[in-house]
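Structural overview for review
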Amino acid sequence: MQVAQLSQQRQSTQVAEVIPSGKGCGAEVRGVDLRNVDGKSFGVIEKAVLEHLVVLIRGQSITDPELIAFGKRFGELEPPGMSIIGKPYIDEHPDILVISNIVENGQPQGNLGAGEAIWHTDMSYREKPVTYAILHSLEVPPTGGNTYFANQYLAYGTLSDELKKKLDGRLVIHDETYNSGGQLRKGFKEVTDPREAPGARHPIFPTHPVTGKKALYLGRRRNAYIIGLPPEESERLLDELWAHASQPKFVWGHEWGVGDTLIWDNRCLIHRRDSFDAGTRRMMHRIQIKGDRPQ
Ligand code: OGA
Ligand code: MN
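First things first, this report covers the structure right here in the doc.

Reading the values: the criteria
- Residues numbered from 1 in each chain as written.
- Chains lettered and ligands numbered in written order.
- Predicted model: local features only at pLDDT ≥ 70, side-chain atom pairs only at ≥ 80, totals over all residues.
- Heavy atoms only, no water.
- Near = heavy atom within 4 Å.
- Polar contact = N/O pair within 3.5 Å; in protein donor to acceptor, adjacent residues only side chain to side chain.
- 1 Å grid on protein atoms, 1.4 Å probe; cavity = no way out; pocket = protein on both sides within 12 Å on 5 of 7 lines; lining within 4 Å.
- Sits in = over half its atoms within 2 Å of the grid points.
- Nonpolar A, V, L, I, M, F, W, Y, C, P; charged D, E, K, R; others polar.
- Core = buried A, V, L, I, M, F, W, Y, C linked by side-chain atoms within 4.5 Å.
- Buried < 20%, exposed > 50% of the residue type's maximum accessible area, 1.4 Å probe, protein only.
- Helix = DSSP H or I, 4+ residues; strand = E, 2+ residues; numbered from the N terminus.
- Contact = heavy atoms within 4.5 Å.
- Donors = N, O, S within 2.8 Å, 3.2 Å for Na, K, Ca; no water.
- Pairing = 2+ DSSP bridges.
- Axes fitted to C-alpha atoms, helices over the stretch in contact; angles between N-to-C directions.

In the vicinity of ligand 1, the contacting residues are I99, L112, H120, D122, L135, T147, W264, H271, R273, R282 and R286. Between ligand 1 and R282, the relevant distance is 2.7 Å, taken from an oxygen atom to a side-chain nitrogen or oxygen of the residue. If you map ligand 1 onto the pockets, it falls in the largest cavity. Looking at the shell around ligand 1, its residues break down into four nonpolar, three polar and four charged.

See below:
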């Protein structure tokens, strides 16, 4: 049998299988090749993302155009937030955000460096934050740089009735000034009063447009403010809410291998990343899907 025939046969017998992590969120989907996903397998992946919030597909070998083509199955791509170099990292593919610590000739090759990326939602500082993000690994360090996700449906569901009542209908300011690695975005100035932070204002408990479930939606802690509360009370409540939102019982974490691809639903999760040895290399390409205003 010819190689082409063999691979065709393999594709036609592909059966996507979902293996839940057993943690607060997360599932692995096995038996798919992201270069060639048929309608049925795509349906399995999409359903698994909605149900488990983040899906791992291991060991994929895909080019940037293939990653982009796969991403477009979820919807239109959204260009990423402002990089730390003030322009896209890959000129031919401005929709790709490079996440990397690699520096070449004094020029960072990606965002976030090698430090910790603190808990956050992607691009929630925009009026219309992204629905899904897809992160594909090309190089991983020997240790560290693990990524963790926390289920914010569960975070909402386990809040006290008193807090739910107090906060229902309130808006939170989602600061754009810094990325989750603590790097100041190009063109932004330090914020001294969170009430004046640049970035979108979103409901604290939006309803997911597909699942119809409410989630806790905090965005990021730095320069956040719950509109209408005295600043000290907003600070105290935000500290309490963040401690609640990131409890281990809501969390699943992933230790990366080369070619691993994570797809997450950015509307009902927060995520963070461990630091790693800055002398080692980590290189990831991310795309993200256009969304609507949270309501
Ligand atoms: C991201 C992000 C985490 C990581 O891509 O949105 O937060 O593991 N990255 O690098
Ligand atoms: Mn992120």
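Moving on, we get to the nonpolar core. Generally speaking, a soluble globular protein has its nonpolar side chains buried in company with each other. Core analysis: the biggest nonpolar cluster contains 50 residues, and I45, F70 and F74 have the highest contact counts within it. Sorting the residues of this core by element identifies α2 (39-52), β3 (54-57), α3 (64-71), β4 (97-100), β9 (132-139), β15 (261-265) and β17 (283-288) as the ones contributing at least two each. Here this core takes five residues from α2, the largest share from any one element. If sequence neighbours within four positions are ignored, F70 has contacts with L34, V37, F42, I45, I134 and I263. Core analysis: the next-biggest nonpolar cluster, separate from the first, contains 23 residues, W119, Y156, L229 and I270 among them.

Each donor-metal-donor angle would ideally measure 109.5 degrees in four-coordinate tetrahedral geometry, or 90 or 180 degrees in six-coordinate octahedral geometry. Coordination of the manganese ion (ligand 2) by the protein comes from H120 (NE2), D122 (OD) and H271 (NE2), over a distance range of 2.1 Å. Site description for the manganese ion (ligand 2): donor spacing in sequence, H-x1-D-x148-H. There is no split in this pair, since H120 and D122 are both buried.

Strands sit in the order β8-β16-β10-β14 across an open sheet of four strands; the sheet is antiparallel. Whereas interior strands pair on both sides, the edge strands pair on one side only; in this sheet they are β8 (117-120) and β14 (251-254). Going across the sheet, the axis of each strand differs from the next one's by a mean of 15 degrees, ignoring polarity.

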